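Each chain is listed here by its residues.
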Amino acid sequence: IIKSPALQDLPVPEGESFSPLAMGLSVTVDYGRRVMTLAKRLPEGAPADVTMGLWMNRLATVRGMVGDGHPRSFVVDTGGQVISISTDTAQALPPVELRKIALKVYGASGWDRDAYLMPGVDLAFNDIRFPKMSVVVLNLRAPSVLLGYELGGIVGHRFLSRYHVTIDLNKSELRLNQS
């Protein structure tokens, strides 16, 4: 969603916004050049370094693997900051004997008072691997209920900013090219 004005002093009422994906427009985001392209059909470009299957059910979603064998659905959030997993996904992993670090997180559903940082999580998205990464754990039950399927997490800027990102609705693909 593209918002104007951008959220700053939280919590604030939502400003006006536009969702290109909800309008059926594909999107390319070049984080390095700070350029976004919207099109009904994107022009053919260079072959992608990584291609992932993408499905749209209100939100752009890809498949990722958490830990040793926990496939999960991850929302592609070009405006999000970090990689997060849901509390349900975190509970499916072996218990972590480290102290939970509480976080103050404000998202589309408001304050998540139960959010915390979880270290040592292995993540994989096709050939992209993040071993022993610290992830934010969020309560994603409400958005999961609204979507009709369980969200395993969210991939945001920390993951996406390394790439020239293409969300191609016509081909049902997320394409990533090294920036």
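Attention here is on the structure that accompanies the text. (Residues numbered from 1 in each chain as written. Predicted model: local features only at pLDDT ≥ 70, side-chain atom pairs only at ≥ 80, totals over all residues. Heavy atoms only, no water.)

With respect to the overall build of the protein
A count of helical and extended segments in the protein gives three helices and 17 strands. For the protein, contacts bridging at least 24 residues in sequence account for 55% of all contacts bridging at least 6. For the protein, the exposed area adds up to about 10,500 Å²; of that, 53% sits on carbon and sulfur atoms. (Helix = DSSP H or I, 4+ residues; strand = E, 2+ residues; numbered from the N terminus. Contact = heavy atoms within 4.5 Å. Areas by Shrake-Rupley, 256 points an atom, 1.4 Å probe, with all protein chains shown as cover.)

Concerning the nonpolar core
With 35 residues, the main nonpolar core has Ile 85, Met 118, Leu 123, Phe 159, Ile 167, Leu 174 and Leu 176 as its most contacted residues. For Leu 123, the contacting residues outside a window of four places in its chain are Met 65, Val 66, Phe 74, Ile 83, Ile 85, Ile 128, Arg 129, Phe 130, Met 133 and Val 135. The next biggest cluster of nonpolar side chains, apart from the first, holds nine residues, and it includes Leu 138, Leu 140, Tyr 149 and Leu 151. (Core = buried A, V, L, I, M, F, W, Y, C linked by side-chain atoms within 4.5 Å. Buried < 20%, exposed > 50% of the residue type's maximum accessible area, 1.4 Å probe, protein only.)

Examining unusual backbone geometry
We note that Arg 58 has phi near 75 degrees; this positive angle belongs to a residue other than glycine. Here Arg 58 lies in the loop between strand 6 (55-57) and strand 7 (59-66). A relative accessible area of 60% means that Arg 58 is categorised as exposed.

Observations regarding the pairing of strand 5 (residues 50-53)
Side-chain alternation along strand 5 places Val 50 and Met 52 on a buried face and Thr 51 and Gly 53 on a face that remains uncovered. In this structure, strand 5 lies alongside strand 17 (residues 173-178), joined through four bridges in antiparallel fashion. Looking across to strand 17, one finds that Thr 51 is bridged to Arg 175. (Pairing = 2+ DSSP bridges.)

Structural notes on the layout of surface pockets
The volume enclosed by the second largest pocket comes to roughly 340 Å³. Along the wall of the second largest pocket there are 18 residues; nearest its centre are Pro 43, Gly 45, His 164, Thr 166 and Arg 175. Counting only elements with at least two residues in the lining of the second largest pocket, the list comes to strand 3 (26-30), strand 4 (35-39), strand 16 (163-168) and strand 17. Here the lining of the second largest pocket takes three residues from strand 17, the largest share from any one element. Across the lining of the second largest pocket, the residue classes break down as six nonpolar, six polar and six charged. (1 Å grid on protein atoms, 1.4 Å probe; cavity = no way out; pocket = protein on both sides within 12 Å on 5 of 7 lines; lining within 4 Å. Points joined across faces, edges and corners; volume = space filled by probe spheres on them. Nonpolar A, V, L, I, M, F, W, Y, C, P; charged D, E, K, R; others polar.)

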